[in-house]
Amino acid sequence: MSEQATALAEAIEPAATEAPRRRRRLQEKLTAIALGAGFPALLVVLWHFAVAYSGTRLIPSPWQVAVMMYDFSFGGVYDDAFSATILTHIWKSMTRVYGGFLMAALIGIPLGLLIGRIKPLRQLLDPTINVLRPIPVTAWLPLSMIFFGLGPNAAIFLVFLGAFYPILLNTTFGVRSVDVRLFEAASMLGCSGSAMFRQVVLPASLPSICNGLRVAHGFAWILIVVGEMTGVPTGLGSVIMDGRTLSRTDLVVTGMIVIGAMGFHHRSHHRGVV
Amino acid sequence: MAESAPNLLTIRGVTKRFAVGDDEIEAPARVDVSIAAGEFVCMIGASGCGKSTLLRIVAGFEEPTVGSVTVRNKPVTGPGSDRGMVFQDYALFPWMTVRQNISFGPRQRHLPRAEVEAIAGEFVRLVGLERFADRYPSQLSGGMKQRVAIARVLANDAMILLMDEPFGALDALTREQLQRELLQIWARTGVTIIFVTHSVEEAVLLADRVLVMSAGPGRIENDLKIELARPRDVSSPEFNAVRRDVARRLTSHLAPVQAASH
């Protein structure tokens, strides 16, 4: 499009099409919410009838889970060790998730930038990373318990490991896929060294870094459950583990739903940032 | 003016060898050129003659296999702010606004903020993008992006503007307009321009001097002064005569290469 045409479109557009466009956008949003919320509602209905018709005792009905959720949140129904403890468990899990995740970001992003930009460093570290990366993080569980003992630190370490690789790899990928011309342009304009990292390498690879952070966030929540199943007294993972030991599947499902809700919250929050 | 001015840029015996399969080609090959301050030089030639490589060597992005490039008698060892490249694909920083792109160079020199702002404003005006100063590159047309790229280099006080087929991706109307604007900017700033193009007409319209290059090996075959008065009229008989002359020289170098490749 020529400049004149752009300028013209610019001049006409806002006044003429603003109102209908806003209405259309609102309509779209409502449709999305209705569809997005309608499907889980349908699943809950199916779940209810499946439990009712099969007569199973092993799977709780949605109503039992709802009662458990209420008790877990506010207490007053069963009044046992889990009543009204939801915030404690969420808080503990979150500190571990964020602890491991932040460490992974603080090490993974700078290291990824350096590996992406400095060839000898890439040659030095790439083979090692490529061997370590396919090892499932859960396979580190025995060693992490030896390193850090039974307790939250082992869980944090697992979260760190799980979050580290996606952050590192996406950062490296981001740097390597930046158009070389941008580095040339920056260097001819007098930019070099650490200024180049701050002003060009980092912003140019930011979309990819955010992608890595988003993936890492998901892994962090998956791994916190595994980490907390190894003998810490609090946290959402330990709640699920206790539910299993006590054969209280309503507690297990409640814990699962809370973790899902946490992940959902983080996912939507993160999309806003990107 | 070109004759009286001292040499700003000297290219001496510059050769770049590339391996192509078992063969080795030289593009450019043993190129010697001197360019005076304020000159507008166009390089034209078949693809593969090394004109873009030569430009990149002058910019400091690549090193010649043999030979040297000096600016004001100082050897070129890498990219520097005295020489600025304008790429065909713009290479603007997509996360910066027009103003931020243009003030990138001055910011690197750690000038006071007020001065950086003043320089940015001056060069935004020079390329006529006042209304678009706070837009991002993705919101601009190709012509506007190329104006930003030119302003970004000039705002950095570059003495030599290196342009690698800068208008090749633009539509005909926008290209004509940018050619006119470039000539105005050149006249106003006195900057030295080395301009690589595929178009004979573009070269004759813009340049004081046209360097005609041949491929295999990539040598400068002709160094032609364009004596036409400015502003030049592309439809005048004089212009056509010069254009035909340049085109004839260009194709006379192309013919043997094509014959050899068949």
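Residues numbered from 1 in each chain as written. Chains lettered and ligands numbered in written order. Predicted model: local features only at pLDDT ≥ 70, side-chain atom pairs only at ≥ 80, totals over all residues.

Attention shifts here to the overall build of chain A. Assigned secondary structure in chain A consists of 10 helices and zero strands. Looking at chain A as a whole, 32% of its 274 residues are labelled buried. Contacts in chain A between residues at least 24 apart in sequence constitute 69% of all its contacts with a sequence separation of at least 6. (Helix = DSSP H or I, 4+ residues; strand = E, 2+ residues; numbered from the N terminus. Buried ≥ 20, exposed ≤ 12 C-beta atoms within 10 Å, placed from the backbone. Contact = placed C-beta atoms within 7 Å.)

Residue and element names in this part refer to chain B. The antiparallel open sheet is built from four strands, whose spatial order is S4-S1-S6-S7. The two strands at the open ends of the sheet, each matched to only one other strand, are strand S4 (31-36) and strand S7 (74-75). Of the pairings in the sheet, the one linking strand S1 (residues 7-15) to strand S6 (residues 66-71) comprises five bridges and is antiparallel in character. Note on S6: the bridge partner recorded for Arg 12 is Ser 68. (Pairing = 2+ DSSP bridges.)

The next thing to look at is the interface of chain A and chain B. With 16 residues of chain A in contact, the opposing surface of chain B contributes 22 residues. Only helix H1 (3-54), helix H7 (180-188) and helix H8 (193-228) of chain A provide two or more residues apiece to the side of chain A that touches chain B. Among the elements that take part in the side of chain A that touches chain B, H7 of chain A stands out by supplying six residues, more than any other.

Moving on, we get to the sheet that holds strand S10 (residues 192-197) of chain B. Residues and elements named next belong to chain B. The strand order across the open sheet built from six strands is S8-S9-S10-S5-S11-S12, with neighbouring strands paired in mixed fashion. Here the strands that pair on one side only, and so sit at the sheet edges, are strand S8 (83-86) and strand S12 (219-225). Across the sheet, the axes of successive neighbouring strands diverge by a mean angle of 20°, strand direction being ignored. Both strand S5 (residues 40-45) and S10 contribute to a ladder of five bridges, which runs parallel. Bridge pairing links Cys 42 to Phe 195 in S10. (Axes fitted to C-alpha atoms, helices over the stretch in contact; angles between N-to-C directions.)

Attention now goes to the packing of helix H3 (residues 86-117) of chain A against helix H9 (residues 236-245) of chain A. Residue and element names in this part refer to chain A. Running from N to C, H3 and H9 point in directions that differ by 125°, and their axes come no closer than 7 Å. Compared by their axis directions, H3 and H9 come out oblique. When H3 is examined against H9, the residues His 89, Ile 90 and Ser 93 are found in contact with a partner set consisting of Leu 236, Gly 237 and Val 239. Each residue belonging to the contact of H3 with H9 can be placed in one class, and the counts come to three nonpolar, three polar and no charged. (Parallel < 35°, antiparallel > 145°, perpendicular 65-115°, else oblique. Nonpolar A, V, L, I, M, F, W, Y, C, P; charged D, E, K, R; others polar.)

This part is about the packing of H8 of chain A against H9 of chain A. Residue and element names in this part refer to chain A. Contact geometry for H8 and H9: axes closest at 7 Å, N-to-C directions at 55°. In terms of axis orientation, H8 runs oblique to H9. H8 and H9 meet at a crossing whose hand is right-handed. Where H8 approaches H9, its residues Ile 224, Val 225, Val 226, Gly 227 and Glu 228 are matched on the opposing element by Leu 236, Gly 237, Ser 238 and Ile 240. Within the contact of H8 with H9, the residues separate by chemical class into five nonpolar, three polar and one charged. (Left-handed = near helix turned anticlockwise from the far one by under 90°.)

In most cases, non-glycine residues show a negative phi, while peptide bonds are predominantly trans. All names here are of chain B. Backbone torsion omega between Ala 27 and Pro 28 reads -5°, so that peptide bond is classified as cis. Structurally, Pro 28 can be placed in the loop between strand S3 (23-26) and S4. Following Arg 230, the chain continues to Pro 231 via a peptide bond in cis, the omega torsion being -5°. Checked against the element boundaries, Pro 231 lands in the loop between S12 and helix H8 (237-261). Backbone geometry places Arg 30, a non-glycine residue, at a positive phi of 45°. Looking at where Arg 30 falls in the secondary structure, it is placed in the loop between S3 and S4. Judged by the 15 C-beta atoms lying within 10 Å of it, Arg 30 falls in the partly exposed class. We note that Tyr 90 has phi near 70°; this positive angle belongs to a residue other than glycine. Relative to the helices and strands, Tyr 90 resides in the loop between S8 and helix H2 (98-102).

Residues and elements named next belong to chain B. Here chain B shows a mean pLDDT of 91. Residues at 70 or above account for 95%. Note that residues 257-262 has pLDDT below 50 and, in this model, three contacts with residues that lie over four places away or in other chains. Scored by ipTM, the complex comes to 0.88, with pTM at 0.79. (pLDDT = per-residue confidence, 0-100.)

Pairing geometry for S1 of chain B and S4 of chain B, over five bridges, is antiparallel. Of the residues in S4 of chain B, the one forming a bridge with Leu 9 of chain B is Ile 35 of chain B.

Residues and elements named next belong to chain B. Burial within strand S11 (residues 209-214) is extensive, with five of its six residues counted as buried. Relative to S11, S5 runs parallel, the two sharing five bridges. Within S11, the position partnered with Cys 42 by the bridge is Val 210. Where S11 and S12 come together, six bridges link them in antiparallel fashion. Note that in S12 the partner of Leu 211 across the bridge is Asp 223. Between the antiparallel neighbours S11 and S12 lie four residues, among them Gly 216 with a positive phi of about 55°.

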